[in-house]
Amino acid sequence: MTLNVTRREMLGGIAALAAVPAMAGTSGQMTILTAREGFARLAPSEYPETAIWGYDGGVPGPLIQLTQGQRLRRRLVNELPQPTAVHWHGVRVENAMDGVPGITQDAVPTGGQFEYDCRMPDAGTFWYHSHNQSAEQVARGLYGPLIVNEPQEGDVDHDLIVMVDDWRMTDTAQIHDSFNQMHDLSHAGRLGNYVHIEMIPKVTSLSRNDRLRVRFINPSTDRILRLRLRGMEGWVMALDGMPLETPQPLNGIVLAPAQRADVFADVTTEAPDTAMILQQEGDKGYVLAEFTVTGDQSRSRRQAPVPLPPNPVEKATVDAVTRQLPMTMEGGAMGGLREGIYKGQMMGMRELVENGQVWTLNGVAGLPDAPFAEVSLGETVQMSLKNETAFPHAMHLHGHHFRELRPDGTYGPLRDTLLVDRSQSREIVFVADNPGDWLFHCHMLSHQTAGMKTWLRVG
């Protein structure tokens, strides 16, 4: 496809390359992470700074960078007007450290503290974010990058973190306070009018034959991103922090909310051209970032990359004793849901809406008192996901990574979040090898808020 490349204007959704937050400490000492109000330069200089909620007052929060096997130790201090908590997305942490109020901890009240201390078993690209009132708190900026490095560095010239977020802004570049509107909750979610890119570190010029490792992260509350490269040839090396067995040539990439992709990209265009990261919408490509190509590296172009080292995650396969768990998604606008169970009571759709609930998993809206399933430690589980709604859902399992079982019997790559399109059925399999109570929910956070969440007990 040939893209018509344009640059966006404010409130049509511009892309901005913003300042780099400071790197957080990586020692074994407990480091303070403060959730507080702040201001960030999201829009161009002709607009005022945006009032945000952020870790250490910035958005994204400070880069947390560790090496595989190290421990993450952070003391959350809450200076926000709402209770909060931190979830380490995609990391197979101990259950008590997962940061999910109502399941693994109490929400940290205003003025309160909570200490997180957990081992990083896997190398890869992860992130951290609020998991309390998250549709609002993440939309206000409560998230940051979490990078766990392989013991040995890869053969790249630049290692870049690229977080692409979707903001709903007023005409004065402030976060619109239209949270939890029923139209958003029951449709595609809180979609913004402003696309903003954070690149860490900030890079504006490259040489021909440079190799980049680009760690794409989608922290948006609800927007699905479609990204492409121009002037570069790339390979997908990892998805959701888990290396692919064989790097796959990059021909655009789709990232649902919370998903990540590690891409190796070689600069192929010649000076004085530009290389670009684009957001694709239909046949148009909007520029998110531009790199001036200044000349040839002295070295010749590298061979195609070899795979990244695998993480110690057991790859589940299905057999005759695999535990079967059906999971049906229902509700939302144009979904035809008539009734569902909420807080233990069967309610009609009108009553569900009055309680802010419009989505169900297996007929239940909101977080139930009992798990939807209890499985034994080490048991292989196959979940049959059936989307009977009119909208896609990014289904995320805490504490584990799974593989998709495709219709032809082959297995997809390890992931922690799977985009299930409207009227689609997908099969995922995983080994339940992390004991505890684990959330399973839609990471379109508007959908989670309005009912699409449940939990699984392993042990």
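Just so you know, these numbers come straight off a predicted model, no measurement behind them.

Scoring rules and cut-offs
- Residues numbered from 1 in each chain as written.
- Predicted model: local features only at pLDDT ≥ 70, side-chain atom pairs only at ≥ 80, totals over all residues.
- Heavy atoms only, no water.
- Helix = DSSP H or I, 4+ residues; strand = E, 2+ residues; numbered from the N terminus.
- Rg over C-alpha atoms; globule rule 2.2 N^0.38 Å.
- Buried < 20%, exposed > 50% of the residue type's maximum accessible area, 1.4 Å probe, protein only.
- Core = buried A, V, L, I, M, F, W, Y, C linked by side-chain atoms within 4.5 Å.
- 1 Å grid on protein atoms, 1.4 Å probe; cavity = no way out; pocket = protein on both sides within 12 Å on 5 of 7 lines; lining within 4 Å.
- Points joined across faces, edges and corners; volume = space filled by probe spheres on them.
- Nonpolar A, V, L, I, M, F, W, Y, C, P; charged D, E, K, R; others polar.
- Pairing = 2+ DSSP bridges.
- Axes fitted to C-alpha atoms, helices over the stretch in contact; angles between N-to-C directions.

J.: Summarise the overall build of the protein; cite the residues concerned and give the values.
T.: Within the protein one finds four helices and 33 strands. A compact globule built from 459 residues would reach a C-alpha radius of gyration of about 23 Å, and the protein, at 21 Å, matches this within 12%. Its C-alpha atoms give the protein principal-axis dimensions of about 65 × 55 × 50 Å. Of all 459 residues assigned to the protein, the portion counted as buried reaches 59%.

J.: Run through the nonpolar core, naming residues and quoting values.
T.: Ranked by internal contacts, the top residues of the largest apolar core, which has 34 residues, are Met-383, Leu-385, Met-395 and Phe-430. Leu-160, Val-203, Val-263 and Ala-289 belong to the second largest nonpolar core, which has 31 residues in total.

J.: Tell me about the layout of surface pockets, residues and numbers included.
T.: Once rolled over the atoms, a probe with the size of a water molecule shows which space is left empty. The space that makes up the largest pocket amounts to roughly 630 Å³. Leu-239, Glu-404, Arg-406, Pro-413 and Arg-415 are the residues nearest the centre of the largest pocket, which is lined by 29 residues in total. Of all elements in the fold, only β15 (232-239), β16 (242-249), β17 (253-255), β29 (403-404) and β30 (417-420) reach the threshold of two or more residues within the lining of the largest pocket. The dominant element in the lining of the largest pocket, judged by the number of residues it contributes, is β16, at five residues. Here the lining of the largest pocket is composed, by residue class, of 14 nonpolar, six polar and nine charged. Volume-wise, the second largest pocket comes out at about 420 Å³. Mapped onto the lining of the second largest pocket, the elements with two or more residues apiece are α1 (134-137) and α4 (445-449). Counting residues per element, the lining of the second largest pocket draws most heavily on α1, which supplies three residues. A breakdown of the residues in the lining of the second largest pocket according to their chemical character gives six nonpolar, nine polar and two charged.

J.: Any details on the sheet that holds strand β3 (residues 50-55)? Residues and values, ideally.
T.: An order of β3-β2-β5-β7 is seen for the four strands of this open sheet, with the pairing classed as mixed. In this open sheet, the two strands that pair with only one neighbour each are β3 and β7 (113-119). Going from strand to strand, the sheet's axes swing by 25 degrees on average, the running direction of each strand aside. As paired strands, strand β2 (residues 31-40) and strand β5 (residues 71-78) are joined by five bridges and run parallel to one another. When the sheet's bridge partners are listed, Thr-31 is paired in β5 with Arg-74.

J.: Tell me about unusual backbone geometry, and name the residues and values.
T.: Cis geometry marks the peptide bond from Val-59 to Pro-60, where omega comes out at -5 degrees. For Pro-60, the location among the structural elements is in the loop between β3 and β4 (64-67). Residue Pro-201 follows Ile-200 across a cis peptide bond; omega there is -10 degrees. Within the element layout of this structure, Pro-201 appears in the loop between β11 (194-200) and β12 (205-208).

J.: Hey, could you go over the sheet that holds β30 for me, with residue numbers and the actual values?
T.: Pairing is mixed across the open sheet formed by five strands, whose spatial order is β26-β33-β32-β28-β30. Edge strands, defined here as strands with exactly one partner in the open sheet, are β26 (373-375) and β30. Mean inter-strand twist for the sheet, computed between neighbouring axes without regard to direction, equals 20 degrees. Across three bridges, strand β28 (residues 393-397) lies against strand β32 (residues 436-442) in antiparallel orientation. Residue pairing across strands places Leu-397 opposite Phe-440, the latter belonging to β32.

J.: Go over the pairing of strand β27 (residues 379-387), please, and point to the residues and values.
T.: For strand β21 (residues 323-331) and β27, the ladder comprises seven bridges, and the chain directions are parallel. Directly across from Met-327, in β27, lies its bridge partner Leu-385. In this structure, β27 lies alongside strand β31 (residues 425-432), joined through eight bridges in antiparallel fashion. From the neighbouring strand, Val-381 faces β31, where its bridge partner is Phe-430.

From the geometry alone we can't say anything about function, so treat these as descriptive.
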